[in-house]
Amino acid sequence: MSAILDIVASAGLWAAVLRIATPLIFGTLGALLSERSGVLNLGIEGIMTFGAMVGWLAVFNGADLWTGMLVAAASGALFGLVHAGMTVSLGLSQHVTGLGITLFASSLSYYIFRLTVPLASTPPTVTPFQPIAVPGLSDLPFVGPALFTQTLPTYLSIAIALLLAYVVYRTPLGLALRMSGENPHAAEAQGVDPIRVRYGAIMAGSALMAMGGAFLTLSAFNSFFPTMVQGRGWICIALVVFASWRPGRALFGALLFAFFDAFQLRLQTVLGDVPYQIFLMMPYILSIAALAVMARRARVPQALMQPYRRGER
Amino acid sequence: MRLERREHRPLALVVLSPILAVAAALVLAGLLIAAAGAPVLEAYGRILTGAFGTRLAATETLTRATPLMLTGLAAAIAFRARLWNIGAEGQFYLGAIMVAALGSSALSGLPGPVLVPLLFAAGAIAGMALMLVPLWLRLRFSVDEVVTSLLLNFVAVLFVSMMIDGPLKDPLAFGWPQSMPVADHALLPKLIERSRLHIGLAVAIAAALVIYLLQARTVFGLQSRAAGLNPEGAVFAGVPLGRTLVKVACLSGGLAGLAGAIEVMGVKGYVTTDLSPGYGYSGIIVAMLANLNPLGVIAAALFTATMFVGADGMSRAMGIPTYIADVTVALSLLTMLVAIFFTQYRIRR
């Protein structure tokens, strides 16, 4: 028991929580933005993989780290454009299109990576984002090292969550977004073009997803390897439901989830005789449990997964 | 310019759509090959010879197509009922580990003709059990089964990893995490001598025929299609929706579990965590390319296997990463979706 208390009382755990949460925050916000406009984007897993690869590749070829993040975001927006074209303009199955985008984007990532980076026994690395100590705050005992010595993208992800919470609920743009996801016919009657809103939301959301992926290769780690996203995208999709499609709760959900993940990583060293696979299963089982608890309570955007065609009911 | 729904779907277009989709995917993937600086036509030529150029290559392609047919059927039958089973990968692995557990246990004392069908059934049941979890969550808690079945893939592979690193670990494998081998008489007979091609292929083709008849000729087939086309309407017409979905889930999960069982008994003889190069996910592509038609699954699985096996040989000769095969089949899924759309709609100015 005291071992468990020791884990919770260590600043290292809380620093890890923010680090683990960052890609989930980006991904969850991206998925949330898209779903709020009425379109499920299951391309997330592949888009994160591609963002991780292309952001890393840009930096590996001499770009600076923020350019790498931007390249990743742009690539994400491009995949978003494909998804939007197929699901919004053509009204194809959002499930199957998204899975197709995931399969395409991840295999394309591996193809480009293998083609441009020769096989080596140790994977090539880049110099990742360095932790920034927030002046003043980082000197606070415990709280300082726990919360205020992160890399810049982590702070950025939290800022975007707060910004999105404001935009979604307090601006005309947010109203247009919510209307497109709740009742596109009514939105159209009010002079909002749901098709344009959906294109924009999907592309911006996909850009966020790709930035979440790029965080993995440019901050959390310093190299790219296949399958490194490891279902984080699917976990984000579950977190959106857990958050009941609200940006603030998405931030909270991602942090809570990351807390459990960081906790179990440290618990492994205490409980050495339990097979490590049990611990690795936890994030996935936890996501499923969160879905089961929240699915009925969450307020789903009413037009989620319904294609909108002008003049058709 | 606007889209207009067609009054009826022209048969020629429906038949041609997979061919057009694959052609479009090959053109797009060709751009990637060209970008890598390789001659595109020669690359595709080498993929064909790599897949069918020799007797060995052809049997290898058919061996690779076998699990794809089964996972393709698993996806096709589920998608037809709008049950989004994306968990075939996990179901495949559970089927495989079940066979490894029973096939290396005291049960393996049974004679082959009893043991082989028993192991088939055990693998299928393991797959079914895993698919019933997301279905139960959907029926009980209204949880979208796409995400839960996807997440369970990771759980299943970790479970297999735990088993082959623990109770089922082969002590003679020099420390490698792999399961104990199944008994020799549990291995499937070969279809062709001196190749890896086994009777699993016949089982997969038979399964496709059975599913086809089931869908075309039985009440269950009608009910499962009704459940997919219009769930509310189906309930109104007296279709027991929950019970139909349970049957569909059992068939779908069972086929994926059977694929894992057959792969162990036909090819490897034991289980590792790289037993499947994504057969579960490729099955989704196979099903869509087949337009969810069980007989079409056979052809679509052959195409997919051709790309994978052929790309191995092409890659060695031309230095193009084998991932080009994954890219091409993923692209063909997307182009197929668009092709299906244009069998239903046309562009009017």
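Residues numbered from 1 in each chain as written. Chains lettered and ligands numbered in written order. Predicted model: local features only at pLDDT ≥ 70, side-chain atom pairs only at ≥ 80, totals over all residues.

1. Examining the overall build of chain A
Line of reasoning, step 1. A count of helical and extended segments in chain A gives 13 helices and 2 strands.
Line of reasoning, step 2. In terms of overall size, chain A behaves like a compact globule, its C-alpha atoms giving a radius of gyration of 20 Å where 313 residues would be expected to give roughly 20 Å.
Line of reasoning, step 3. By principal-axis analysis of the C-alpha atoms, chain A measures approximately 60 × 45 × 40 Å.
Line of reasoning, step 4. Burial status across chain A gives 51% buried among its 313 residues.
Line of reasoning, step 5. In chain A, once contacts between residues fewer than 6 apart in sequence are set aside, the share between residues at least 24 apart is 79%. (Helix = DSSP H or I, 4+ residues; strand = E, 2+ residues; numbered from the N terminus. Rg over C-alpha atoms; globule rule 2.2 N^0.38 Å. Buried ≥ 20, exposed ≤ 12 C-beta atoms within 10 Å, placed from the backbone. Contact = placed C-beta atoms within 7 Å.)

2. Considering the nonpolar core
Line of reasoning, step 1. Counting 223 residues, the largest nonpolar core has Leu239(A), Leu70(B), Leu73(B), Val99(B), Ala100(B) and Val297(B) as its most contacted members.
Line of reasoning, step 2. With near-sequence residues (within four places) excluded, Leu239(A) lies in contact with Leu24(A), Thr28(A), Ala250(A), Gly253(A), Ala254(A) and Phe257(A). (Core = buried A, V, L, I, M, F, W, Y, C linked by C-beta atoms within 7 Å.)

3. Focus: the confidence of the model for chain B
Line of reasoning, step 1. This prediction gives chain B a mean pLDDT of 94; 100% of its residues lie at or above 70.
Line of reasoning, step 2. Interface confidence in the predicted complex, given as ipTM, is 0.95; pTM for the same model is 0.95. (pLDDT = per-residue confidence, 0-100.)

4. Details of helix H7 (residues 152-170) of chain A
Residues and elements named next belong to chain A.
Line of reasoning, step 1. Compared with an ideal rise of 1.5 Å per residue, which puts 19 residues at 27 Å, H7 spans 26 Å between its outermost C-alpha atoms and is within 8% of the ideal.
Line of reasoning, step 2. Taken together, the buried positions of H7 are Pro153, Thr154, Ser157, Ile160, Ala161, Leu164 and Val168. Along the long axis of H7, the arc covered by the buried residues comes to 110°, so they all point the same way. Across H7 from its buried face, at more than 90 degrees, point the exposed residues Ala159, Leu162, Leu163 and Arg170.
Line of reasoning, step 3. Considering only its buried residues, H7 is in contact with helix H2 (11-36), helix H4 (65-89), strand E2 (149-150), helix H8 (172-182), helix H10 (194-220) and helix H12 (247-270). (Expected span 1.5 Å × (residues − 1). Arc of directions from axis to C-beta.)

5. Let's talk about the interface of chain B and chain A
Line of reasoning, step 1. Counting from both sides, the interface comprises 35 residues of chain B and, opposite them, 33 residues of chain A.
Line of reasoning, step 2. When contributions to the side of chain B that touches chain A are tallied by element, the ones reaching two or more residues are helix H5 (112-141), helix H6 (145-165), helix H11 (279-289) and helix H13 (323-344) of chain B.
Line of reasoning, step 3. Per-element tally for the side of chain B that touches chain A: the top contributor is H13(B), with 11 residues.
Line of reasoning, step 4. Taken together, the residues of the side of chain B that touches chain A break down into 30 nonpolar, 4 polar and 1 charged. (Nonpolar A, V, L, I, M, F, W, Y, C, P; charged D, E, K, R; others polar.)

6. Digging into the environment of Gln130(A)
All names here are of chain A.
Line of reasoning, step 1. By the element assignment, glutamine 130 lies in the loop between helix H5 (94-116) and strand E1 (132-133).
Line of reasoning, step 2. On the neighbour-count criterion, glutamine 130 (11 C-beta atoms within 10 Å) is exposed.
Line of reasoning, step 3. As a C-alpha pair, glutamine 130 and threonine 151 span 21 residues in sequence and 5.6 Å in three-dimensional space.

7. Thoughts on unusual backbone geometry
The phi torsion of most residues other than glycine is negative, and most of the peptide bonds are trans.
All names here are of chain B.
Line of reasoning, step 1. Of note, serine 142 is a non-glycine position whose phi angle comes to about 55°, a positive value.
Line of reasoning, step 2. Note that serine 142 resides in the loop between H5 and H6.
Line of reasoning, step 3. Taking the C-beta count within 10 Å as the criterion, serine 142 has 13 such neighbours and is therefore assigned partly exposed.
Line of reasoning, step 4. Even without glycine at this site, leucine 292 takes up a positive phi of about 65°.
Line of reasoning, step 5. Mapped onto the secondary structure, leucine 292 falls in the loop between H11 and helix H12 (294-318).
Line of reasoning, step 6. Of the residues examined, leucine 292 has 22 C-beta atoms within 10 Å and is grouped as buried.

8. Regarding the packing of H2(A) against H10(A)
Residues and elements named next belong to chain A.
Line of reasoning, step 1. Two numbers describe how H2 lies on H10: the axes approach to 7 Å, and their chain directions differ by 170°. It follows from the interaxial angle that H2 and H10 lie roughly antiparallel.
Line of reasoning, step 2. Here the residues of the contact of H2 with H10 are counted per class, giving 14 nonpolar, 8 polar and 2 charged. (Axes fitted to C-alpha atoms, helices over the stretch in contact; angles between N-to-C directions. Parallel < 35°, antiparallel > 145°, perpendicular 65-115°, else oblique.)

9. Examining the environment of Val182(B)
Residues and elements named next belong to chain B.
Line of reasoning, step 1. Summarising the element assignment, valine 182 is placed in the loop between H6 and helix H7 (200-217).
Line of reasoning, step 2. In this structure the C-alpha to C-alpha distance between valine 182 and serine 104, which are 78 residues apart in sequence, comes to 4.6 Å.
Line of reasoning, step 3. Among residues more than four places away in sequence, those in contact with valine 182 are Val99, Ala100, Gly103, Ser104, Ser108, Leu187, Val264, Met265 and Gly269.

10. Focus: H13(B)
Line of reasoning, step 1. Compared with an ideal rise of 1.5 Å per residue, which puts 22 residues at 32 Å, H13(B) spans 32 Å between its outermost C-alpha atoms and is within 8% of the ideal.
Line of reasoning, step 2. In terms of burial, H13(B) is largely enclosed, as 16 of its 22 residues are buried.

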